[in-house]
Amino acid sequence: MSFQNPVFIPGPTNMPEALRKAVDMPTLDHRSPLFGQILHPALAGVKKVLKSESAEIFVFPSTGTGGWETAISNTLSAGDKVLAARNGMFSHRWIDMCQRHGLDVQLVETPWGEGLPADRYEEILTADTAHEIKAVLATHNETATGVKSDIAAVRRALDAAGHPALLFVDGVSSIASMDFRMDEWGVDIAVTGSQKGFMLPPGLAIVGVSPRAMQAVETATLPRTFFDIKDMANGYANNAYPYTPSVGLLNGLNMACGMLLDEGLENVFARHHRIAEGVRAAVRAWGLELCAVSPDVYSDSVSAIRTPAGFDANKFVSLAAEKYGVAFGTGLGAVAGKVFRIGHLGSLTDVMALSGLATAEMVMADLGLNIQLGSGVAAAQDYYRGTQANSTKAAA
Ligand SMILES: *Cc1c(COP(=O)(O)O)cnc(C)c1O
């Protein structure tokens, strides 16, 4: 594997040099005001990235998975009912976590490749006149299938049903790369991590909590210690953590938010959309299909590409790594061996994306797929040439 090449896995993502340097810090006293000068601006930056005025932000030494656990363990009690759709490996894992915590999951099985069925959510919530459902889970961007879901529609479903359940959103592969509006969509807990849109090494769970969800903490009884947000809030009030924080990563987070806000969130989203459109043009030119069933659910951070029947997509990923030193994503769960994934989020330019597409063509040709070398690259080049690039400020 070459460290010179960009990675095309959907996280961890390529790191800008400035962020690599920002996480490399000398030791400092994490119970001193100096630490507060890193912590508080980082929390304020995350709040802006989430587009929230009212959320409290908590950052744990963990990953996105720890963010899921933070959401459920702080706000729910054993036996509580939660509503969740399973349409990919990440929604599946969060559901599994809920079940292991003794929650009663009302499951909506959804074909992999489709978005969350907000209409089904509305029917179920409307029928739940006793308001037994305490939380609705939504995976904003299913990284396994390259499918984005409409969180505003999930909020409308809750509102149409007049249902008070909390709305928890997994934004691990969408936040800081695709439009996310915590307040406008009435999201009660937003979960992400450091290693995707924030362009940092893995190691942080980043969680935004609405005032309503903060209230739920008072009565919820699931056990929590490491992820207790009240302990964390008490720590923050003293420029500290209940334990030892990842100081370097928090310094990087502060700088990452600065970079994203300096580029402008709308420009960040437009850059991701444009790069993704070029990748999709290449996929069409190859005569292949996305796992995502329709354009309204296409993800701007990852594309899962179906390979022809009988072809083992895992071979694509292993040959790309062995022969060309380039990392792509494998298929997960129900689509293992049937798709490979191109991650196109974080610190990425159109020029970098073209190198990934060119590599993908070489690998597919090596493996005997009927691919015309240059066909996808040319389609993406045409698209990139003809669209406005705002590359001078792009995080790269
Ligand atoms: C990556 C990812 C996760 C898991 O995050 P970890 O940081 O690996 O724990 C959860 N949900 C989604 C949608 C993801 O893309």
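Residues numbered from 1 in each chain as written. Predicted model: local features only at pLDDT ≥ 70, side-chain atom pairs only at ≥ 80, totals over all residues. Heavy atoms only, no water.

Asks: Mind showing me how you'd approach the nonpolar core here?
Replies: Generally speaking, soluble globular proteins have nonpolar side chains that are buried together. Val59, Tyr121, Val136, Phe168, Phe198 and Leu253 are the most contacted members of the largest nonpolar core, which totals 94 residues. By residue number, the principal contributor to this core is helix H9 (residues 247-263), which donates eight residues. For Val136, the contacting residues outside a window of four places in its chain are Leu83, Tyr121, Leu125, Val154, Leu158, Ala165, Leu166, Leu167 and Phe168. Counting 33 residues, the second-largest nonpolar core is a separate cluster that includes Ile275, Ala320, Val326 and Phe328. (Core = buried A, V, L, I, M, F, W, Y, C linked by side-chain atoms within 4.5 Å. Buried < 20%, exposed > 50% of the residue type's maximum accessible area, 1.4 Å probe, protein only. Helix = DSSP H or I, 4+ residues; strand = E, 2+ residues; numbered from the N terminus. Contact = heavy atoms within 4.5 Å.)

Asks: I keep staring at the packing of aromatic side chains and nothing clicks. Help me out?
Replies: Each pair of aromatic rings is reported with the distance of its centres and the angle of its planes. A complete count under the given rule lists 14 aromatic pairs for this structure. Here the aromatic rings of Trp68 and Trp94 are separated by 5.8 Å at their centres, their planes lie at 15°, and the arrangement is stacked. Of this pair, Trp68 sits in helix H3 (residues 64-75) while Trp94 sits in helix H4 (residues 89-100); the two residues are 26 residues apart in sequence, bridging distant segments of the chain. Here Tyr236 and Tyr241 contribute two aromatic rings whose centre-to-centre distance is 5.6 Å and whose plane-to-plane angle is 55°, an arrangement assigned as tilted. Grouping residues by exposure puts Tyr236 and Tyr241 together as buried. Taken together, the aromatic side chains of Phe35, Phe58, Phe60, Phe226, Phe227, Tyr236, Tyr241 and Tyr243 make up a single cluster linked through ring pairs. (Phe/Tyr/Trp six-rings, centres within 6.5 Å; stacked < 30°, edge-to-face > 60°.)

Asks: Honestly, the layout of surface pockets in this entry has me stumped. Any pointers?
Replies: In this approach the atoms are scanned with a rolling probe the size of a water molecule, which exposes any empty space left behind. In this structure, the largest pocket encloses a volume near 360 Å³. Along the walls of the largest pocket sit 20 residues, with His140, Lys148, Ser149, Asp150 and Asp296 positioned nearest its centre. Among the residues making up the lining of the largest pocket, the classes are represented as nine nonpolar, five polar and six charged. There is about 270 Å³ of room inside the second largest pocket. Lining the second largest pocket are twelve residues; nearest its centre among them are Phe3, Asn5, Pro6, Val7 and Asn14. Here the lining of the second largest pocket is composed, by residue class, of six nonpolar, six polar and no charged. (1 Å grid on protein atoms, 1.4 Å probe; cavity = no way out; pocket = protein on both sides within 12 Å on 5 of 7 lines; lining within 4 Å. Points joined across faces, edges and corners; volume = space filled by probe spheres on them. Nonpolar A, V, L, I, M, F, W, Y, C, P; charged D, E, K, R; others polar.)

Asks: What's the story with the side chain of Glu142 in this structure? I'm lost.
Replies: Within the fold, Glu142 resides in strand S5 (residues 141-142). At 3.0 Å, the side chain of Glu142 and the backbone nitrogen of Phe90 are in polar contact. In this structure, Glu142 is in contact with Asn87, Gly88, Met89, Phe90, Ser91 and Val147, ignoring residues within four places of it in sequence. (Polar contact = N/O pair within 3.5 Å; in protein donor to acceptor, adjacent residues only side chain to side chain.)

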